[in-house]
Amino acid sequence: MRLSFNLEYSGKCGSVLNFYASAFRQAEFCARTFRELETAEVLGINGSGLDMIWQSELKLPFGNNVLYLEMADSILAAVQNRQDFDQPYFHPVIRISHDDKGEVRRLFERLYGESGGFDGLQSGERADMHGIRWQYQKGAPGIGYCLSFDGFCRDVAAFYENVFDIRAEEMIRYGDLPQGNKLPAAGADMIFSAVLPFSYGGGISALRLMDSAESVADGINRYDPSALLFYHGQYNPLFTVRDSDTAFLAGAFERLKNGAKLNRPLQPDDEGGMFGSLIDRYGICWNFRSASGME
């Protein structure tokens with residue numbers, strides 16, 4: 001089961017791929033342009049739009065983990081031959097861990113194009129020039145996607161454990177931290193970190209879940225089932241799950257449908273595989289594909 005995060009750009013995805021591939025020394029990527037899309041002419045894509053990125057996969061091995069990003073230019077940008085905006089609508093948070101802070105400092109200098117500001121950047125509050133926010137945490141070398149919730153992370157972790165038949169690792173409560181005894185009881189029981197390991201091809205893609213510091217401070221669970229179309233009131237983050245086991249995909253998709261908004265049922269697609277899409281009860285968008293990827 002391979003987990004990847006999807007990002008869409010407006011005409012400059014090729015530059016984005018080259019940027020991250022140069023920042024991460026062991027990065028690999030492959031890409032297809034709209035020239036390889038059979039319906040490009042029907043969609044009205046021509047000229048420079050044909051050289052924009054239709055599909056791509058960026059693989060970032062780092063320590064104990066592998067992070068996958070699927071990036072593309074929007075069809076609208078290709079049709080209009082526009083390259084006037086190169087940041088995605090949603091700014092994902094990706095956490096880097098390493099025992100050698102100097103190693104990560106040098107990586108951040110490549111990502112942010114500046115030196116001397118690492119202490120102000122490592123919290124992940126600021127996005128780099130292509131829209132990704134990076135965090136640093138001291139520990140064994142690794143990399144993972146991060147999602148935060150407003151007091152209901154424990155429920156999210158349990159739900160995803162059941163959906164994907166995996167078990168969360170590194171389950172740490174805020175009350176387990178050195179200053180945890182100073183928190184209200186409800187806040188102390190909220191989740192500081194829970195890591196879901198998605199295993200694929202001998203590597204692990206880590207999805208790190210946590211409760212926000214704001215929810216912990218007042219100890220209030222702010223889950224609103226009527227707001228499933230938004231993640232923190234913003235554009236929905238999009239993950240893609242790929243697996244060759246279609247029976248597993250169908251079961252996981254069915255479990256994830258509980259309380260979700262269905263975009264497309266899991267069904268055969270034009271490429272001979274299976275595809276389905278939904279926004280789950282927590283505002284996270286998921287694409288399910290039976291194909292293993294572009295490789």
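Residues numbered from 1 in each chain as written. Predicted model: local features only at pLDDT ≥ 70, side-chain atom pairs only at ≥ 80, totals over all residues. Heavy atoms only, no water.

J.: For the side chain of Ser56, give the residues involved together with the corresponding values.
T.: Locating Ser56 in the fold gives a position in strand 3 (residues 53-62). One polar contact links the side chain of Ser56 to the main-chain carbonyl oxygen of Met71, over a distance of 2.6 Å. (Helix = DSSP H or I, 4+ residues; strand = E, 2+ residues; numbered from the N terminus. Polar contact = N/O pair within 3.5 Å; in protein donor to acceptor, adjacent residues only side chain to side chain.)

J.: Tell me about the pattern of salt bridges, residues and numbers included.
T.: A complete count under the given rule lists twelve salt bridges for this structure. Between Arg2 and Glu70 there is a salt bridge, with the nearest N and O atoms lying 2.8 Å from each other. Placement of the pair is Arg2 in strand 1 (residues 2-9) and Glu70 in strand 4 (residues 65-73), with a sequence separation of 68 residues. Linked by salt bridges that have partners in common, Arg2, Glu57, Glu70 and Arg242 make up one network. (Salt bridge = Lys/Arg side-chain N within 4 Å of Asp/Glu carboxyl O.)

J.: Got a sec to walk through the environment of Phe5? Specific residues and values, please.
T.: Within the element layout of this structure, Phe5 appears in strand 1. For the pair Phe5 and Gln135, spaced 130 residues apart in sequence, the C-alpha separation works out to 16 Å. Apart from residues no more than four positions distant in its own chain, Phe5 is found in contact with Tyr68, Leu69, Glu70, Phe90, Pro92, Tyr145, Pro237, Leu238 and Phe239. (Contact = heavy atoms within 4.5 Å.)

J.: So, the side chain of Asp280: which residues are in play, and what are the values?
T.: Among the structural elements, Asp280 can be located in the loop between strand 13 (274-279) and strand 14 (285-289). Arg281 provides the closest opposite charge to the buried, unpaired Asp280, separated from it by 7.0 Å. Within the structure, Asp280 has its side chain in polar contact with the side chain of Tyr160 (distance 2.5 Å). If sequence neighbours within four positions are ignored, Asp280 has contacts with Tyr160, Leu228, Leu256, Gly259, Ala260 and Trp286. (Buried < 20%, exposed > 50% of the residue type's maximum accessible area, 1.4 Å probe, protein only. Lys, Arg positive; Asp, Glu negative; His and termini not counted.)

J.: Which residues make up the sheet that holds strand 4, and what values do they have?
T.: Pairing between the strands of a sheet comes from backbone hydrogen bonds, and it takes one of two forms, parallel or antiparallel. Pairing is mixed across the open sheet formed by eight strands, whose spatial order is 2-3-4-1-11-14-13-12. The outermost strands of the open sheet, each flanked by one partner alone, are strand 2 (28-33) and strand 12 (261-268). Ignoring strand direction, the axes of neighbouring strands in this sheet form an average angle of 20°. Examined bridge by bridge, strand 2 and strand 3 share six bridges and lie antiparallel to one another. Following the sheet pairing, Arg32 is matched in strand 3 by Gln55. (Pairing = 2+ DSSP bridges. Axes fitted to C-alpha atoms, helices over the stretch in contact; angles between N-to-C directions.)

J.: An account of a nonpolar patch on the surface is requested, with residue identities and associated values reported.
T.: On the surface, a cluster of nonpolar side chains totalling about 210 Å² of accessible area is made up of Leu43, Ile75 and Val79. With respect to the element layout, Val79 can be found in helix 3 (residues 75-80). (Patch = residues over 30% accessible without salt bridge, like charges linked within 9 Å, V, L, I, M, F, W, Y side chains within 5 Å. Areas by Shrake-Rupley, 256 points an atom, 1.4 Å probe, with all protein chains shown as cover.)

J.: Account for the nonpolar core, with residues named and values stated.
T.: Membership of the largest hydrophobic core comes to 69 residues, with the highest contact counts inside it found for Phe24, Trp134, Tyr160 and Trp286. With seven residues, helix 6 (residues 153-164) is the largest single contributor of residues to this core. Apart from residues no more than four positions distant in its own chain, Phe24 is found in contact with Leu60, Phe62, Ile96, Leu107, Leu111, Trp134 and Ile143. In terms of nonpolar packing, the next biggest core, distinct from the first, is built from eight residues, Phe34, Leu37, Ile45 and Met52 among them. (Core = buried A, V, L, I, M, F, W, Y, C linked by side-chain atoms within 4.5 Å.)

J.: Lay out the environment of Phe275 in plain terms, naming residues and giving numbers.
T.: Mapping Phe275 onto the fold places it in strand 13. On the accessibility criterion, Phe275 (13% relative accessible area) is buried. Along the primary structure Phe275 and Glu8 are separated by 267 residues, whereas in three dimensions their C-alpha atoms are 19 Å apart.

J.: Let's hear about the packing of helix 6 against helix 9 (residues 246-256): which residues, and what values?
T.: Interaxial distance between helix 6 and helix 9 falls to 8 Å at its minimum, and their mutual angle equals 150°. Classified by the angle their axes make, helix 6 and helix 9 are roughly antiparallel. Residues Phe159, Tyr160, Asn162, Val163 and Phe164 of helix 6 form the contact with helix 9, whose own contacting residues are Phe248, Ala252, Arg255 and Leu256. Each residue belonging to the contact of helix 6 with helix 9 can be placed in one class, and the counts come to seven nonpolar, one polar and one charged. (Parallel < 35°, antiparallel > 145°, perpendicular 65-115°, else oblique. Nonpolar A, V, L, I, M, F, W, Y, C, P; charged D, E, K, R; others polar.)

J.: Talk me through the sheet that holds strand 5 (residues 93-98); I want residue IDs and the actual numbers.
T.: Pairing is mixed across the open sheet formed by six strands, whose spatial order is 6-5-7-10-9-8. Unpaired on one side and paired on the other, strand 6 (133-138) and strand 8 (169-173) mark the two borders of the sheet. Here the average twist between neighbouring strands, direction ignored, is 25°. In this sheet, strand 7 (residues 142-149) lies alongside strand 5 in antiparallel orientation, the contact comprising five bridges. Bridged to Arg95 within strand 7 is Gly144. Across the sheet, helix 4 (residues 101-112) is in contact with strand 5 and strand 6; its angle to strand 6 comes to roughly 175°.

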